[in-house]
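Notes for the structure review
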Amino acid sequence: MTEAYSVLYISALVIIGALLLACLVRAIRGPRIADRVIAVNMMGTLVVIAICILSFLMGEGWLTDIAMIYTMLSFLAVVLLTKVYMGIYREKRRQRELAQEKEGNGHA
Amino acid sequence: MLDVIRFILSAALTATGLFCLLSGVVGVYRFRYALNRVHAAALIDTVGILLMLLGVIIATGFTVASGKMLVVIAFLWLTSPVSGHLIGRMEVTINDELEKDAEVMNRAYVQHEKTVETSGSADAAEPAEAEENMEKEEKEEAHE
């Protein structure tokens, strides 16, 4: 029975590894920033699944703690990245508007 | 006998979960725009992880580790909608040519997202500075 489980879950791990590579390619290629954030989020979820499967295969219960922490960190990463990029965009936009106002006054 | 049933159940859940993961990744490759890709990525965060971890929980049995896996599922189900919403909001905010890529229903909201003030201290200082500069320029022009 143990062998059957290990065959099942090791093949599942191989497939998850291939999917992780595909996500990495999307994160590198993705034309927009949102594509990259989505791909990184997906990779986090896949890694959590892989860690849980490993915790069953190796019989180590503490690996699930790491999976919990990994979930929280991947959520935190998404929140931070989106907030930072929105802040950068708004800052740039405000500076551009200020520069345009100055130009307009100069011509008048 | 019971072991065999447990293995079959776990294998079925794992196979279905792997199918969901695969269709999520294929969807991320086939959709053309980031806001559509959020839809495919949400499949992995909800159904994919639920089925895969349920398979592992059934294989492990009733232990502390399987309880922690249930906590992981609950946390991901709570946070995945939030992260999807944040990614969509970021895309709407930073895309200057949104009308080319997607249909915009509420232009006022997009404009509000683009221009809303983020934080207090730095914002308050700069407009005053700009006004001072403008006054200086006006004086110089008058002098000439």
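The rules behind the values
- Residues numbered from 1 in each chain as written.
- Chains lettered and ligands numbered in written order.
- Predicted model: local features only at pLDDT ≥ 70, side-chain atom pairs only at ≥ 80, totals over all residues.
- Heavy atoms only, no water.
- Helix = DSSP H or I, 4+ residues; strand = E, 2+ residues; numbered from the N terminus.
- Buried < 20%, exposed > 50% of the residue type's maximum accessible area, 1.4 Å probe, protein only.
- Contact = heavy atoms within 4.5 Å.
- Areas by Shrake-Rupley, 256 points an atom, 1.4 Å probe, with all protein chains shown as cover.
- Axes fitted to C-alpha atoms, helices over the stretch in contact; angles between N-to-C directions.
- Parallel < 35°, antiparallel > 145°, perpendicular 65-115°, else oblique.
- Left-handed = near helix turned anticlockwise from the far one by under 90°.
- Buried area = accessible area lost by both parts, 1.4 Å probe.
- Salt bridge = Lys/Arg side-chain N within 4 Å of Asp/Glu carboxyl O.
- Polar contact = N/O pair within 3.5 Å; in protein donor to acceptor, adjacent residues only side chain to side chain.
- Nonpolar A, V, L, I, M, F, W, Y, C, P; charged D, E, K, R; others polar.
- Patch = residues over 30% accessible without salt bridge, like charges linked within 9 Å, V, L, I, M, F, W, Y side chains within 5 Å.
- Phe/Tyr/Trp six-rings, centres within 6.5 Å; stacked < 30°, edge-to-face > 60°.
- Lys NZ or Arg CZ within 6 Å of the ring centre and 35° of its normal.

**Considerations on the overall build of chain A**
Regarding its fold elements, chain A presents three helices and zero strands. Counting from the amino terminus, chain A carries its helices and strands in the arrangement α-α-α. Among the 108 residues that make up chain A, the fraction classed as buried is 39%. Considering only contacts within chain A whose residues lie at least 6 apart along the sequence, 52% involve residues at least 24 apart. Accessible surface, chain A as shown: approximately 5800 Å² in total, 68% of it carbon and sulfur.

**Some details on the packing of helix α1 (residues 2–29) of chain A against helix α2 (residues 34–60) of chain B**
One way to put it is that α1 of chain A packs onto α2 of chain B with a least axis distance of 13 Å and a crossing angle of 160 degrees. Taken together, the axis directions place α1 of chain A and α2 of chain B in an arrangement best described as roughly antiparallel. The handedness of the crossing between α1 of chain A and α2 of chain B comes out as left-handed. Touching Y5, Y9, I16 and R26 of chain A of α1 of chain A are R37, M52, G55, V56 and A59 of chain B, all from α2 of chain B.

**Structural notes on the interface of chain A and chain B**
Facing the 56 residues of chain A at the interface are 59 residues of chain B. Between chain A and chain B the total buried area reaches about 5300 Å² when both faces are included, carbon and sulfur atoms providing 71% of it. Our enumeration of links across chain A and chain B arrives at four salt bridges. Viewed at the interface, chain B and chain A are joined by 14 residue pairs in polar contact (both at pLDDT 80 or more). Breaking the side of chain A that touches chain B down by element, the ones donating at least two residues are α1, α2 (33–58) and α3 (63–107) of chain A. For the side of chain A that touches chain B, the leading source of residues is α3 of chain A, giving 25 residues. Taken together, the residues that form the side of chain A that touches chain B break down as 35 nonpolar, nine polar and twelve charged.

**Topic: a nonpolar patch on the surface**
Taken together, the side chains of I69, L73, L76 and L80 of chain A present a nonpolar region at the surface, about 400 Å² in accessible area. Tracing the backbone through its elements, the reader meets L73 of chain A in helix α3.

**With respect to the pattern of salt bridges**
Counted by the stated rule, this structure contains eight salt bridges over all chains. The shortest N-O distance in the salt bridge between R37 of chain B and D35 of chain A comes to 2.9 Å. Within this pair, whereas R37 of chain B is found in helix α2, its partner D35 of chain A is found in helix α2, the two belonging to separate chains. Grouping residues by exposure puts R37 of chain B and D35 of chain A together as buried. Its salt-bridge partner being E113 of chain B, residue R89 of chain B comes within 3.1 Å of it at the nearest N-O pair. Placement of R89 of chain B in helix α3 (residues 64–94) and of E113 of chain B in helix α5 (residues 107–115) is noted, with a sequence separation of 24 residues between them. Exposure remark for R89 of chain B: the relative accessible area of 24% places this residue in the partly exposed category. Each member of the salt-bridge network shares a partner with another, and the members are R90 of chain A together with R89 and E113 of chain B.

**Structural notes on the side chain of T71 of chain A**
Relative to the helices and strands, T71 of chain A resides in helix α3. Here T71 of chain A falls in the buried class, since its relative accessible area comes to 2%. Beyond its immediate stretch of four places on either side in the chain, T71 of chain A contacts V48 of chain A together with V72, F75 and L76 of chain B.

**Side note on the packing of aromatic side chains**
Under the definition given, this model contains four aromatic pairs over all chains. On the basis of an interplanar angle of 75 degrees and a centroid distance of 5.1 Å, the ring pair of Y5 of chain A and F7 of chain B is categorised as edge-to-face. Here F7 of chain B lies in helix α1 (residues 2–30) and Y5 of chain A lies in helix α1, a pairing that spans two chains. Under the relative-accessibility criterion, F7 of chain B is labelled buried at 17%. The side chain of R26 of chain A reaches across the aromatic face of Y29 of chain B, ending 4.8 Å from its centre.

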